[in-house]
Amino acid sequence: MLEMRPDCESCGKDLAASESGAHICSFECTFCDDCNTTMHKGTCPNCGGILLPRPTRSMALLEKFPASTERKYKG
């Protein structure tokens, strides 16, 4: 199951699990649309993998399977 990390690793922007706008690689490194487009150009800066749109999780499923609260922004 995806962790659904709560923030962009590059800029710290909040990324709600129930909303679109996040991109992830196969290791779940997570970035916002802006950082993916302007800085990373579809390639994960951590592992070199492809960044793809992260699927959303419905509110009903978030109640049963909550998103991660561990932030990864390194500042």
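Residues numbered from 1 in each chain as written. Predicted model: local features only at pLDDT ≥ 70, side-chain atom pairs only at ≥ 80, totals over all residues. Heavy atoms only, no water.

Enquirer: Give a description of the environment of arginine 54 that names residues and reports values.
Expert: Looking at the element boundaries, arginine 54 is found in the loop between β3 (52-53) and α2 (59-64). Taking the C-alpha atoms as reference points, arginine 54 and threonine 30, 24 residues apart in sequence, are found 8.4 Å from one another. Those residues in contact with arginine 54 that lie beyond four places of it in its chain are Leu2, Met4, Arg5, Leu15, Ala16, Ala17, Ala22, His23, Ile24 and Thr30. At 2.8 Å, the side chain of arginine 54 and the backbone oxygen of arginine 5 are in polar contact. (Helix = DSSP H or I, 4+ residues; strand = E, 2+ residues; numbered from the N terminus. Contact = heavy atoms within 4.5 Å. Polar contact = N/O pair within 3.5 Å; in protein donor to acceptor, adjacent residues only side chain to side chain.)

Enquirer: Which residues make up a nonpolar patch on the surface, and what values do they have?
Expert: Taken together, the side chains of Met1, Leu61 and Phe65 make up a nonpolar region of the molecular surface, amounting to roughly 320 Å² of accessible area. Within the element layout of this structure, leucine 61 appears in helix α2. Using a relative accessible area of 43% as the deciding quantity, one classes leucine 61 as partly exposed. (Patch = residues over 30% accessible without salt bridge, like charges linked within 9 Å, V, L, I, M, F, W, Y side chains within 5 Å. Areas by Shrake-Rupley, 256 points an atom, 1.4 Å probe, with all protein chains shown as cover. Salt bridge = Lys/Arg side-chain N within 4 Å of Asp/Glu carboxyl O. Buried < 20%, exposed > 50% of the residue type's maximum accessible area, 1.4 Å probe, protein only.)

Enquirer: Mind laying out the sheet that holds strand β2 (residues 30-32), listing which residues take part and the relevant values?
Expert: Taken in spatial order, the three strands make up an open sheet running β2-β1-β3, and their pairing is antiparallel. Each end of this open sheet is capped by a strand with a single partner; those strands are β2 and β3. Against the sheet, helix α1 (residues 33-40) engages β1 (22-24) and β2, with an angle of about 90 degrees to β2. (Pairing = 2+ DSSP bridges. Axes fitted to C-alpha atoms, helices over the stretch in contact; angles between N-to-C directions.)

Enquirer: For α1, give the residues involved together with the corresponding values.
Expert: Listing the buried residues of α1 in full gives Cys35, Asn36 and His40. Buried residues of α1, seen end-on, are gathered within an arc of 100 degrees and therefore sit on one face of the element. Every exposed residue of α1 that faces more than 90 degrees away from the buried side is listed here: Asp34, Thr37 and Thr38. If you follow the buried residues of α1, they end up packed against β1 and β2. Count one or two residues on from α1 and you reach lysine 41, which has phi positive near 50 degrees. (Arc of directions from axis to C-beta.)

Enquirer: Tell me what's going on with the environment of phenylalanine 65, and back it up with residues and numbers.
Expert: Secondary-structure assignment places phenylalanine 65 in the segment after α2. Owing to a relative accessible area of 32%, phenylalanine 65 belongs among the partly exposed residues under this scheme. Contacts of phenylalanine 65, omitting those with residues within four sequence positions, involve Met1 and Arg57.

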